[in-house]
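What follows is each chain in one-letter form.
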Amino acid sequence: MVQIPADWLARVFLSLRRGTSADAHALAGELQPFTEKPGQRVPIPRTTVLRTELALRREIEIADEQTRRTELSDQAGYLIRTQLLD
């Protein structure tokens, strides 16, 4: 399990909900229950974190706007750093 702030997960959830791939939408649904505890660090299964990172990476590849790619890249980078520290 990886401890991640629920507020941050809510931003990732929204990013994936706006995504265009079916994987992004599926992962958004999987993350939604973890976003319901604002202000807390919630335990997320490591496999969910890895799948979320992959979905974000796919969205980066197909994003049209540089701003969107940067946002998604920042979120994926955070997931990587969180896993390394945990």
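Above this note sits the structure.
Residues numbered from 1 in each chain as written. Predicted model: local features only at pLDDT ≥ 70, side-chain atom pairs only at ≥ 80, totals over all residues. Heavy atoms only, no water.

K.L.:
Give a detailed account of the pairing of strand S2 (residues 41-44), specifying residues and quantitative values.
P.N.:
With burial as the criterion, only one face of S2 is covered, namely that bearing Val42 and Ile44; the residues Arg41 and Pro43 on the opposite face remain uncovered. In the sheet, strand S1 (residues 2-5) pairs with S2 via four bridges, with the strands oriented antiparallel. Along S2, the bridge assignment pairs Ile4 with Val42. (Buried < 20%, exposed > 50% of the residue type's maximum accessible area, 1.4 Å probe, protein only. Helix = DSSP H or I, 4+ residues; strand = E, 2+ residues; numbered from the N terminus. Pairing = 2+ DSSP bridges.)

K.L.:
Just give me the short version of the pattern of salt bridges, but keep the residues and values in it.
P.N.:
Taken as a whole and judged by the stated rule, the model has four salt bridges. Here Glu71 ties to Arg18 by a salt bridge, and the two come within 3.0 Å at their closest N and O atoms. Here the residue Glu71 occupies a position in helix H4 (residues 66-85), and Arg18 occupies one in the loop between helix H1 (6-17) and helix H2 (22-31), the gap between them amounting to 53 residues. When the shortest N-O distance is used, the salt bridge between Arg58 and Asp23 registers 2.7 Å. You can see Arg58 sitting in helix H3 (residues 46-62) and its partner Asp23 sitting in helix H2, a full 35 residues away along the chain. Note on Arg58: relative accessible area 35%, which makes it partly exposed. (Salt bridge = Lys/Arg side-chain N within 4 Å of Asp/Glu carboxyl O.)

K.L.:
Got a sec to walk through the nonpolar core? Specific residues and values, please.
P.N.:
Judged by nonpolar contacts, the single largest core of 22 residues is most densely connected at Ile4, Leu9, Leu16 and Leu56. Of all the secondary structure elements, the ones that give two or more residues to this core are S1, H1, H2, S2, H3 and H4. Examining the composition of this core, we find that six residues originate from one element, H1, more than from any other. Ignoring anything within four residues of it in the chain, the contact list for Leu56 reads Val12, Leu16, Leu72, Gln75, Ala76 and Leu79. (Core = buried A, V, L, I, M, F, W, Y, C linked by side-chain atoms within 4.5 Å. Contact = heavy atoms within 4.5 Å.)

K.L.:
Go over the environment of Ala28 with me, naming the residues and quoting the values.
P.N.:
Residue placement: Ala28 occurs in helix H2. Judged by relative accessible area, Ala28 falls into the buried class, the value being 0%. Separated by 10 residues in sequence, Ala28 and Arg18 have C-alpha atoms that sit 9.3 Å apart. Apart from the residues within four sequence positions on either side, Ala28 is in contact with Phe13, Leu16 and Arg17.

K.L.:
Before we move on, could you go through H3 and cite the residues and values that matter?
P.N.:
For an α-helix, the turn length of 3.6 residues means that residues three or four places apart are oriented alike. Counted at 1.5 Å a residue, the expected span for H3 with its 17 residues is 24 Å, and the 25 Å between its end C-alpha atoms agrees. Burial in H3 covers these residues: Thr48, Val49, Thr52, Glu53, Ala55, Leu56, Glu59 and Ile60. Angularly, the buried residues of H3 cover 165° about the axis, an arc narrow enough to put them on a single face. (Expected span 1.5 Å × (residues − 1). Arc of directions from axis to C-beta.)

K.L.:
Can you tell me about the packing of H2 against H3, naming the residues and giving the values?
P.N.:
Between H2 and H3, whose axes approach to 9 Å, the crossing angle comes to 145°. In this structure, H2 meets H3 at a crossing whose hand is left-handed. Only Thr48, Arg51, Thr52, Ala55, Arg58 and Glu59 of H3 make contact with H2, whose side of the interface consists of Asp23, Ala24, Leu27, Glu30 and Leu31. (Axes fitted to C-alpha atoms, helices over the stretch in contact; angles between N-to-C directions. Left-handed = near helix turned anticlockwise from the far one by under 90°.)

Any functional reading would require information that these geometric values do not contain.
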